[in-house]
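# Report on the structure
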Amino acid sequence: MKRYKYDTIFVMAVILAAALIWLFSYLTRSEGAYVRVTVNGELYGEYPLNTDTKVNIGGGDSYNILIIQGGEAWIDEASCPDKLCIKQGKIRYDGQSVICLPNKMVAEVIGGKKPEFDAVVK
Amino acid sequence: MKKKLTGKQIAEYGLMTALAMVLSYIEYLIPFSAAVPGVKLGLANIVVVFALYRLGVPQAFVISLLRVVLMTFMFGNAFAFIYSLSGAVLSLCVMLLMRRTGRFSPVGVGAGGGVSHNIGQILCAMLLLETKRLIYYLPILLISGAAAGLVIGFTGGIVIERLAKEQK
């Protein structure tokens, strides 16, 4: 398999890099405090993880329904065609996120202090 | 330096671009979607790998970029265009460099293309969505890009060998 020597080295390096990045993010993770939702790069709202709630993000033709329950957040329903945001599942740790590319919606968990208000809408 | 395109070259460009588009379309038809956006096979890359080895660097660039532009006209929007363009350009550059070193087989070049395609897209998404958090997807995208790229490179390698024999 001498022919594939450098190919093998390359693939090994990629796997190693992926493992290191994953390990780093696993070790540095911490419980999140609230979910920050941005639409189109602009802040849409912030919702604490310790309060159960249901938010209709966007509201109009392009929407994502965000549910917060038992310290976890997930997208339950969405207008996007691929529904990838629903498949991305539940988030609870600092830095985890659910991203809906068609609706340009990002919901990310932020750690540290809770926001001053329960919800800040635009 | 600038020479006129021969009829054969024009036919090659057309054939390869059409083939790349058909492969993109086939992939688009396969109802496969993983939890992480960006995990995909990248069938069209077979054509680009082939072009890189058998036709030449400008051909590979033209075919790849034409595919992105034409597929956008048919199925995409401006957002998807920037997104696929960033992946296509970065993977082309990386595959070209890997080919130039002369140390990698098409399998390695394909893997490099898959990995760099995903890196390009995630960088682009980080810029567009203004979030650094996407970096958390990087491990899975690196692995899936390498895996898909290996398959593509292997397939491309077979085509390169077989067609080389036919042509002589």
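Data block above holds the structure.
A short tour of the structure in this document, coming up.

### Considering the pattern of salt bridges
Taken as a whole and assessed by the stated rule, the structure comprises four salt bridges over all chains. The partner of Glu72(A) in a salt bridge is Arg92(A), and the shortest N-O contact between them spans 3.8 Å. Here the residue Glu72(A) occupies a position in strand β5 (residues 72–78), and Arg92(A) occupies one in the loop between α2 (84–87) and β6 (97–100), the gap between them amounting to 20 residues. Owing to a relative accessible area of 23%, Glu72(A) belongs among the partly exposed residues under this scheme. Close ionic contact of Lys8(B) with Glu12(B) constitutes a salt bridge, the shortest N to O distance being 3.6 Å. In this pair, Lys8(B) and Glu12(B) both sit in helix α1 (residues 7–29), four residues apart, roughly one turn of the helix. A residue is classified by how much of its surface remains accessible, and Glu12(B), at 17% relative accessible area, is buried.

### Side note on helix α2 (residues 45–54) of chain B
All names here are of chain B. Most of α2 sits inside the fold, with nine of its ten residues counted as buried. Every buried residue of α2 is accounted for by Asn-45, Ile-46, Val-47, Val-48, Val-49, Phe-50, Ala-51, Leu-52 and Tyr-53. Gly-56 lies just past α2 and shows a positive phi near 135°.

### Notes on the interface of chain B and chain A
Contacts between the two partners involve 31 residues from chain B and, on the opposite side, 28 residues from chain A. Both faces combined, the contact of chain B with chain A buries some 2,600 Å², and carbon together with sulfur accounts for 70% of it. Linking chain B with chain A are zero salt bridges, by the criterion used here. The tally of links between chain B and chain A comes to four residue pairs in polar contact (both at pLDDT 80 or more). For the side of chain B that touches chain A, the elements supplying multiple residues, two or more each, are α4 (78–101), α5 (106–129) and α6 (138–167) of chain B. When residues in the side of chain B that touches chain A are grouped by element, the largest group, eight residues, is from α6(B). Its residues assigned to classes, the side of chain B that touches chain A comprises 22 nonpolar, five polar and four charged.

What counts and how
Residues numbered from 1 in each chain as written. Chains lettered and ligands numbered in written order. Predicted model: local features only at pLDDT ≥ 70, side-chain atom pairs only at ≥ 80, totals over all residues. Heavy atoms only, no water. Salt bridge = Lys/Arg side-chain N within 4 Å of Asp/Glu carboxyl O. Helix = DSSP H or I, 4+ residues; strand = E, 2+ residues; numbered from the N terminus. Buried < 20%, exposed > 50% of the residue type's maximum accessible area, 1.4 Å probe, protein only. Contact = heavy atoms within 4.5 Å. Buried area = accessible area lost by both parts, 1.4 Å probe. Polar contact = N/O pair within 3.5 Å; in protein donor to acceptor, adjacent residues only side chain to side chain. Nonpolar A, V, L, I, M, F, W, Y, C, P; charged D, E, K, R; others polar.

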